[in-house]
Structures are given as structure tokens and as C-alpha cells.
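Coordinate analysis (summary)
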Amino acid sequence: DPITPAIKLSAQAAALIDSDRTVNIEFRVLADGNVPRGEIRITPESILPPKVREEIYDQLSKWRFDTGSSAAYASFEYTIVKK
């Protein structure tokens, strides 16, 4: 959950981005399918304003995966394109 995982920034957060930004996001998925907010890492973190990082953490921590026999890690590249 969600069916199509996406990170959507609010207009306020998007306004803080002045150019395209690409970061790597890594997170842990517990065996019960939950994503602990404290185990989400954005690298390099410093290129995103705090409000943008908070929105990413908030949204990812609401993602739910199928249950499994153990915890796992996932990562993906995330690009914000300034329009």
C-alpha cells in the first residue's frame, strides 16, 4: 500500500526546490510489512530542505508491504524535477 508507490510533494515543499535534485532513499521493511520512520535514509540528505525530507519520511513510513518471514531493506533513486 499504496498500489502505485509514489512520493508527492506539497506545493509548499515543491516551492523550496530550486533545481533538479536526485537522492538515494534506503529503508527497512519489517517482517510485518511496516516501514519504521526512523529507518529511512536519504543520501545525500543535505541537498533537500528539511520540509521536503519530512514529507518524504512521512509518506514512506505509511507504505505497507506484504508480510514476510524477516525484515528486508529496499532502496531506490528519487529525482525531483523542477518545472
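Now for a look at the structure at hand.

Reading the values: rules and limits
Residues numbered from 1 in each chain as written. Predicted model: local features only at pLDDT ≥ 70, side-chain atom pairs only at ≥ 80, totals over all residues. Heavy atoms only, no water. Helix = DSSP H or I, 4+ residues; strand = E, 2+ residues; numbered from the N terminus. Buried < 20%, exposed > 50% of the residue type's maximum accessible area, 1.4 Å probe, protein only. Contact = heavy atoms within 4.5 Å. Phe/Tyr/Trp six-rings, centres within 6.5 Å; stacked < 30°, edge-to-face > 60°.

1. Concerning the environment of Ser-75
Along the chain, the position of Ser-75 falls in strand β3 (residues 72-80). The class for Ser-75 is partly exposed, based on a relative accessible area of 49%. For the pair Ser-75 and Ile-25, spaced 50 residues apart in the sequence, the C-alpha separation amounts to 5.4 Å. The residues contacting Ser-75, other than those within four sequence positions of it, are Asn-24, Ile-25 and Glu-26.

2. Quick notes on the packing of aromatic side chains
Applying the stated criterion across every chain, the model contains five aromatic pairs. Centre to centre, the rings of Trp-63 and Phe-76 are 6.2 Å apart; their planes meet at 20°, and the pair counts as stacked. Of this pair, Trp-63 sits in the loop between α2 (50-60) and β3 while Phe-76 sits in strand β3, placing them 13 residues apart in sequence. Exposure remark for Trp-63: the relative accessible area of 9% places this residue in the buried category. By relative accessible area, Phe-76 is classed as partly exposed at 24%. The structure contains a cluster of three or more aromatic residues connected by ring pairs, namely Phe-27, Trp-63, Phe-65 and Phe-76.

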